[in-house]
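# A structural walkthrough
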Amino acid sequence: MKSKNILIIGVLTVVALAVIYTMTGTESPEVYLEKIEKERDRQYKFIKFNIDSPLTEEQKKDFKELDFYTIDPSYKVRAKMVELEEKKMVELPMTDGSVEKYLKHSFAEFDLNGKPQKLLLLQSMKEADKRNFFLAFADETSGEETYGGGRYINLRQDGKNSITIDFNLAYNPYCAYNPDFACPLPPKENILQIPIPVGEKDYKKE
């Protein structure tokens, strides 16, 4: 490939990234990547060393790393919050057959890769800060490259009627590491018919 063509491709790549960062409201590419990597390191240290880790002491001995997809800033989206007129309690089934109650608060509506999507935002009964939300979702990678029981994202409302969803921060529930834990499964509204190839992959036991 001629050097002129390489230069053109490089310029176009930078322009494309700049557009993505502008549209998603992220920081500079370097700062954004550093923030995600820092969070991944925090997750690893928690799982490896924390007393509240879902891993058994035997598992911790062999645990070397968490498995993630490559960071892709196009999966950080700005969503419109459409609040439900009548907020109802929903009982999410748990992996052990029990149920846990959450408040159905609103829908987050957004476009991802040019297609409209909608996810249900939930609030725990124990949540004191009403700007914090719980998102449990499954997608076409679930049961293949990612945990079959879905993944989670902790969200905080950052606009009057909007919220930022960064799928790069999707993480596994405790039961992905240890079946002795009970974890809520995603509601039917949050089973996406598309793949979300970012965030944490399934835990591979050594």
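The rules we used
Residues numbered from 1 in each chain as written. Predicted model: local features only at pLDDT ≥ 70, side-chain atom pairs only at ≥ 80, totals over all residues. Heavy atoms only, no water. 1 Å grid on protein atoms, 1.4 Å probe; cavity = no way out; pocket = protein on both sides within 12 Å on 5 of 7 lines; lining within 4 Å. Points joined across faces, edges and corners; volume = space filled by probe spheres on them. Helix = DSSP H or I, 4+ residues; strand = E, 2+ residues; numbered from the N terminus. Phe/Tyr/Trp six-rings, centres within 6.5 Å; stacked < 30°, edge-to-face > 60°. Buried < 20%, exposed > 50% of the residue type's maximum accessible area, 1.4 Å probe, protein only. Lys NZ or Arg CZ within 6 Å of the ring centre and 35° of its normal. pLDDT = per-residue confidence, 0-100. Contact = heavy atoms within 4.5 Å. Core = buried A, V, L, I, M, F, W, Y, C linked by side-chain atoms within 4.5 Å. Polar contact = N/O pair within 3.5 Å; in protein donor to acceptor, adjacent residues only side chain to side chain. Pairing = 2+ DSSP bridges.

### Here we look at the layout of surface pockets
Put simply, the largest pocket is a space of about 860 Å³. The wall of the largest pocket is formed by 33 residues, among which F134, Y152, N154, Y171 and Y174 lie closest to the centre. At the level of elements, α2 (29–49), β3 (99–112), β4 (115–124), β5 (132–137) and β6 (151–156) are the ones that each hand at least two residues to the lining of the largest pocket. When residues of the lining of the largest pocket are assigned to their parent elements, the largest contribution, five residues, is made by α2.

### Considerations on unusual backbone geometry
Despite not being glycine, N113 shows a phi value in the positive range, around 55°. Counting through the fold element by element, N113 comes out in the loop between β3 and β4.

### Regarding the packing of aromatic side chains
Overall, the coordinates contain ten aromatic pairs when judged by the stated rule. Relative to Y203, the ring of F63 lies with its centre 6.3 Å away and its plane at 50°, an arrangement referred to as tilted. Within this pair, whereas F63 is found in the loop between α3 (57–62) and β1 (76–83), its partner Y203 is found in the segment after β7 (162–166), the two being separated by 140 residues in sequence. With 5.9 Å between their ring centres and 90° between their planes, Y152 and Y171 make a pair best called edge-to-face. With Y152 in strand β6 and Y171 in the segment after β7, this residue pair connects regions lying 19 residues apart in the sequence. Taking relative accessible area as the criterion, Y152 reaches 7% and is therefore assigned buried. Among the aromatic residues, ring-to-ring pairing joins Y44, F49, F63, Y177 and Y203 into one connected group. K118 extends its terminal NZ or CZ atom over the ring of F107, reaching a point 4.6 Å from the ring centre. Looking at K201, its charged tip hangs above the ring of Y69, at a distance of 4.8 Å from the centre.

### Let's talk about the confidence of the model for the protein
In this model, the protein carries an average pLDDT of 88, and 86% of its residues clear a pLDDT of 70 or more. Element-level mean pLDDT values for the protein span from 39 in helix α1 (residues 3–24) up to 98 in β7. Taken as a whole, residues 1–24 scores under 50 in pLDDT and shows eleven contacts with residues more than four places along the chain or in a different chain.

### Notes on the nonpolar core
Counting residues in hydrophobic clusters, the biggest one holds 22 residues, and the most contacted among them are F137, I163, I165, F167 and I196. With near-sequence residues (within four places) excluded, F137 lies in contact with L119, G150, R151, I153, F167, A170, P186, N190, L192 and I196. Formed by 13 residues, the second largest nonpolar core is a distinct cluster that contains Y102, L120, F134 and C183.

### Concerning the environment of C175
Here C175 lies in the segment after β7. You can call C175 buried: its relative accessible area is 8%. Excluding its chain neighbours within four sequence positions, the residues that come into contact with C175 are T95, Y147, F181 and C183.

### Brief notes about the side chain of T164
Relative to the helices and strands, T164 is located in strand β7. A polar contact is formed between the side chain of T164 and the side chain of R78, at a distance of 2.7 Å. Within the structure, the side chain of T164 is placed 2.7 Å from the side chain of D158, a separation counted as a polar contact. With residues near it in sequence (within four places) discarded, T164 still touches K76, V77, R78, L155 and D158.

### Describing the pairing of β4
When β3 meets β4, the two strands line up antiparallel, connected through ten bridges. Residue pairing in the sheet places A108 in a bridge with L119 of β4. The loop that links β3 with its antiparallel partner β4 comprises two residues; one of these, N113, has a positive phi angle of about 55°.

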